[in-house]
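# Understanding the architecture of this molecule
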Amino acid sequence: MTAAIIAALNILTKPLGEVSGCNDQISKEEALLSALQANRDVLLQRLNSDYSLQEARRLREDVMAGATWLLNDTEDVTWGFVQECLLLLLSLARHLSAELKRFRQTSAPSAKLRTPEMAPPLPPDVLSFTQQKTVGAALQFVVSLGLCPYLAPGVGVTLGHRSAFATMVEKIVCVQTAVVTPHHLLTTTTTLLDFAELSSLATLVFTRHLGDVMAALCQLGYQPQQSKASSTKDVQVLSEEERRNIQEALQSLLVKVYQPVVIKELLILQGGAKQSGPIGSSSGSKSRTAPGWLRRLCGQLLSERLMQPNGVQAVVRAILEGGTGGESDWKKCDSIAKILTVCPQQSASADTYYKQVCFQILELLHLKDKLTAQQFQCVATRATLYLVQEKTSFAQPYLLVPLLDPLYRCITATDDVHCQVAVEEWEMTQCVEDINKIWVVGNSPSAPLFRALEEVLPVVFTLFCFTKQNFANLRSPCQDILLWYLRHAETSGVLSLLRQLSGLHCQKNDVATGFHFTPGSNGGVQLSWKDSCSDEDDALYEKLSGEQLRLECLTHLLAELKDSDVPGDFFLALLQELTSWTAVAAEEEEEDGQQLAISAMTLLEVEQQQQSQADRQGHTLALLQVLAIMVESLQHTVILRKSIQVVDFIVALLQRACIGLFQANGVIFGNPIDNQTLSMGMGLVATLLSGPQLSAEVYSSMSRLLQPLGTLSQQHPELFVQELASNLRAVIATHGAYRPDNLTTSASPGSKDSEMLPKSDSLPSMKRNTIKKKKAQPFPPSLLSVNNNLKQSHIKQPASSGDSVAGETSRSSTAFSDLLLEACDPDIPTRAFALRHLTQLMHSRDQETVQAQEKVLILFLENLEHEDSFVYLSAVQGLASLADSYPERILERLLKDFQHGPSLSTSKKDRSLEFRLKMGEVLMRASRAMGSLACSSLSQLTLSETRGTPWTVRQPIAGHM
């Protein structure tokens, strides 16, 4: 039966070979009409005479009996041809539906007879490729002759915009008939919908003709039409019931079909036929925009599609599917994002619309398909940025809060969830990745984004510190988020955040008390309940190590900001804060001295005073710790990268020097650190002023130096400092117009007290100045021999043939001798600085230091037993540098001391274990610095030293190394 109907359709739609042979346009149209009529006549003759088509004729007659729309006596050739196509298509649909019904009823019993190797039976509604081709040709004739010609101007894509043959087909249809007989369009559309009731046949209709069917339904159901009273007798008007049925059919069709395809067709209908004419035509067809009623209707239908579940994803797929990812696709992404930010007029309320859309926008960020995820994430990012900027009141509760919810829960977690994980691993990973996509990749700084991110940045930093200590896949995204904020936020907000992260301010919005981050099972991080530590020492160690880790991570972030002023601004802000705290401390001490004795104070007043002093001292120590780590970890090119920042740094240094003068009332205490600070500041000013032509901006910033320089020129007890400060102040005040001759001389290395000033090519990386020596101090007995040797070596210094060379040699020898003397100074900073300077000289292979390496070795060994960590760590570093530079001679001595204890006569034997631990640290650092060379050197030394020595003596060394 199916084959008979397909054969009838094949007869009706056989190729029109004679049309292609005509050259004249009029003859082509006449030939087409003749071919259509001829094919119809042949079909009717074959149905009556051919026995194989009897079943097809019977089904056709059954359909004709119920077809109220059939016109038997029509003189329109094209409509008569369309009617025959519709009759055969309906016959095929009814036959396949009946066969499929019987198949479903009989398929269950026959399932018992199947074997595992047998394929399931094929449903009867499945057509072969050839049969599908025949049915597709019939559908194309129906749409081209019975649907498209009856569409109003601007509704759908007309035949003239499809092909040259379609243009000829359009001309043979009587346009006047299309206007006065809208039931032809209604008949074609409803028949196609009936034919598409079967899913296998619906695929044939809607894969190629969905847009035409939707255009017809829109016109029939929603086009404004003349009232029956005002219409002429020749014009047929659809009834309200027919229009209502058509509207229901359109809504049913829109729900059934794949939503991205529906949205794409609605967008085409809304834009109208704007394509150019077909290839080969004499002139392009005029563009026809869609009428107003159709544009409004399509906008409403699109809004309904958008408001449905996964509607946003359907819109994105409709526009972007099949794209190449080029610039045009990125522009489409931006256009879609702008569309999503506008609430449609058809929406019940803006709150309802944004609540549904924002949730779907967040879902776009979590697609797993790599082929489409990039474009979908671009749409989501752009839409989020537009919503945050233009619809902040809706974006905050419906977009930003759900996105940042896992980090908010890290702050507000309570102990009632200690039996379970407070924030799951996948939640944390998804949240951090979403922040990275929107803030970092989107890279559109705005005040709402900054405010939302600032609330959770302390948690992100704590998470970053955890990932630096443990392997986790969130390290890079956390670092990118923090660096993005530090680069783009306002300076005031950045400095406030850095103070909070460094521990100088109370850490708000950090991880909730009692919780901590733990590694996840998939390489991520989760927030879990933290068991309390019973041991106070362990708790203190954990706290101190955590603070140290946070500072190291903070300096790591600042080191990444190589092209930013943030590190320098933060460093200068801390210096100014330290200066202000010093001034406040001096004022409070002065006030405390004028107050009554403690005996006259109440207990509450005493407690408050003590607590205030403790808080002030604790904050000052925290400031010093942060400054020390920044100076030690960051290069000068990162901290001070601009001349203005250098000036700010000098202002802070000179202000601290002036405060020291006020506290001392003009008396010099002899603190080498303060003297060196003042020397460095004055040298920097002289170097800046002796450089190339300075800009007006630099001179303007240097005007802040006038007051502290004036104070130094009047109140400093040293005449040289007064004179230099006065000269520098004069140069700054005149913007370089007045420049004394001795200014550059004072800044040069060969002048008097030149050690106080830096060279012009060393700004701001200067050499450390030699510390001014105190009065004679008693030395430890074990170092008397070293001091005597130093004096003798200094006296026996041979003179050179040239005066200048002799002068330089004398100054170099004096500086080296001073370093050796300062390495024995009771003042801890002085001693530690001298040891570190000697280490640098040894590392750079200074000739005089190399010749006196035995003396330097004794100094390092002596200071290795010092109780202060600042001193003995400097000695550890010096011994490691000696062992790295001269392993043949130094390693043997170090190994002996490690095996048998300290070899110096003045060493404390009861502390030999502590000494060996420190020596082990020296050997470990030396072995790391030497690399593979350490193995061969140590093995040779061990063999040469321990010949005849039991292996048990050497075993501790090997185990430690």
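Quick caveat, the model's predicted, so the values are computed rather than measured.

Moving on to the overall build of the chain. Looking only at helices and strands, the chain has 44 helices and 2 strands in total. Residues classed as buried in the chain amount to 46% of the 961 residues present. Once local pairs closer than 6 in sequence are excluded, the contacts in the chain between residues at least 24 apart make up 73%. Of the roughly 49200 Å² of accessible surface on the chain, a fraction of 53% belongs to carbon and sulfur atoms.

What follows is about the pairing of strand β2 (residues 525-529). When you tally the buried positions in β2, you get 4 out of 5 residues, the bulk of the element. In terms of strand pairing, strand β1 (residues 515-519) meets β2 through 5 bridges, oriented antiparallel. Looking at the pairing, P519 lines up with V525 of β2.

Taken as a whole and judged by the stated rule, the model has 9 aromatic pairs. Relative to Y150, the ring of W79 lies with its centre 6.4 Å away and its plane at 80°, an arrangement referred to as edge-to-face. Of this pair, W79 sits in helix α5 (residues 77-110) while Y150 sits in the loop between α6 (129-146) and α7 (164-171), placing them 71 residues apart in sequence. You'll find W79 and Y150 in the same group, each marked buried. Between F515 and W529, the aromatic rings sit 5.2 Å apart at their centres with planes inclined by 85°, giving edge-to-face as the arrangement. With a gap of 14 residues between them, F515 in strand β1 and W529 in strand β2 connect regions that are remote in the sequence. Look at F515 and you get buried, because its relative accessible area is 6%. What makes W529 partly exposed here is its relative accessible area of 28%. Ring pairing ties together the aromatic residues Y353, Y354 and F394, which thus form one cluster. Directly above the ring of Y386 sits R382, whose terminal nitrogen or CZ lies 5.2 Å from the centroid. A cation over an aromatic ring shows up here: R916 above the ring of F898, its NZ or CZ 5.1 Å from the ring centre.

Further remarks concern the pattern of salt bridges. Within this structure, the stated rule accounts for 16 salt bridges. Taking the shortest distance from any N to any O, the salt bridge between E99 and R102 comes out at 2.2 Å. Highlighted residues: E99 and R102, both in helix α5, separated by 3 residues, approximately one helical turn. With a closest N to O distance of 2.9 Å, K530 and E542 form a salt bridge. In this pair, K530 sits in the loop between β2 and α25 (536-560) while E542 sits in helix α25, placing the two residues 12 residues apart along the sequence.

Ranked by size, the top nonpolar core spans 222 residues in total, and within it V135, W439, Y485, F517, M682 and L705 carry the most contacts. When residues no more than four places from it in sequence are discounted, the contact partners of L705 are V647, I650, V651, L654, V685 and I732. Membership of the second largest hydrophobic core comes to 36 residues, among which are L835, A852, L891 and L923.

Taken together, D535, E536, D537 and D538 make up a surface patch of like negative charges. Counting through the fold element by element, D538 comes out in helix α25.

Quick look at helix α22 (residues 457-469) now. Over its 13 residues, α22 extends 18 Å from the first C-alpha to the last, a length consistent with the 18 Å expected when each residue adds 1.5 Å. Buried residues dominate α22, accounting for 11 of its 13 residues.

A separate point is the confidence of the model for the chain. Looking at the chain as a whole, its pLDDT mean stands at 76, while 75% of the residues score no less than 70. In this model, residues 666-670 is a region of pLDDT below 50 whose contacts with residues beyond four sequence positions or in other chains number 8 contacts. Contacts for the low-pLDDT stretch residues 747-811, under 50 throughout, to residues beyond four places or in other chains number 89 contacts.

Procedures and definitions
- Residues numbered from 1 in each chain as written.
- Predicted model: local features only at pLDDT ≥ 70, side-chain atom pairs only at ≥ 80, totals over all residues.
- Heavy atoms only, no water.
- Helix = DSSP H or I, 4+ residues; strand = E, 2+ residues; numbered from the N terminus.
- Buried < 20%, exposed > 50% of the residue type's maximum accessible area, 1.4 Å probe, protein only.
- Contact = heavy atoms within 4.5 Å.
- Areas by Shrake-Rupley, 256 points an atom, 1.4 Å probe, with all protein chains shown as cover.
- Pairing = 2+ DSSP bridges.
- Phe/Tyr/Trp six-rings, centres within 6.5 Å; stacked < 30°, edge-to-face > 60°.
- Lys NZ or Arg CZ within 6 Å of the ring centre and 35° of its normal.
- Salt bridge = Lys/Arg side-chain N within 4 Å of Asp/Glu carboxyl O.
- Core = buried A, V, L, I, M, F, W, Y, C linked by side-chain atoms within 4.5 Å.
- Patch = residues over 30% accessible without salt bridge, like charges linked within 9 Å, V, L, I, M, F, W, Y side chains within 5 Å.
- Lys, Arg positive; Asp, Glu negative; His and termini not counted.
- Charge placed at Lys NZ, Arg CZ, Asp CG, Glu CD.
- Expected span 1.5 Å × (residues − 1).
- pLDDT = per-residue confidence, 0-100.

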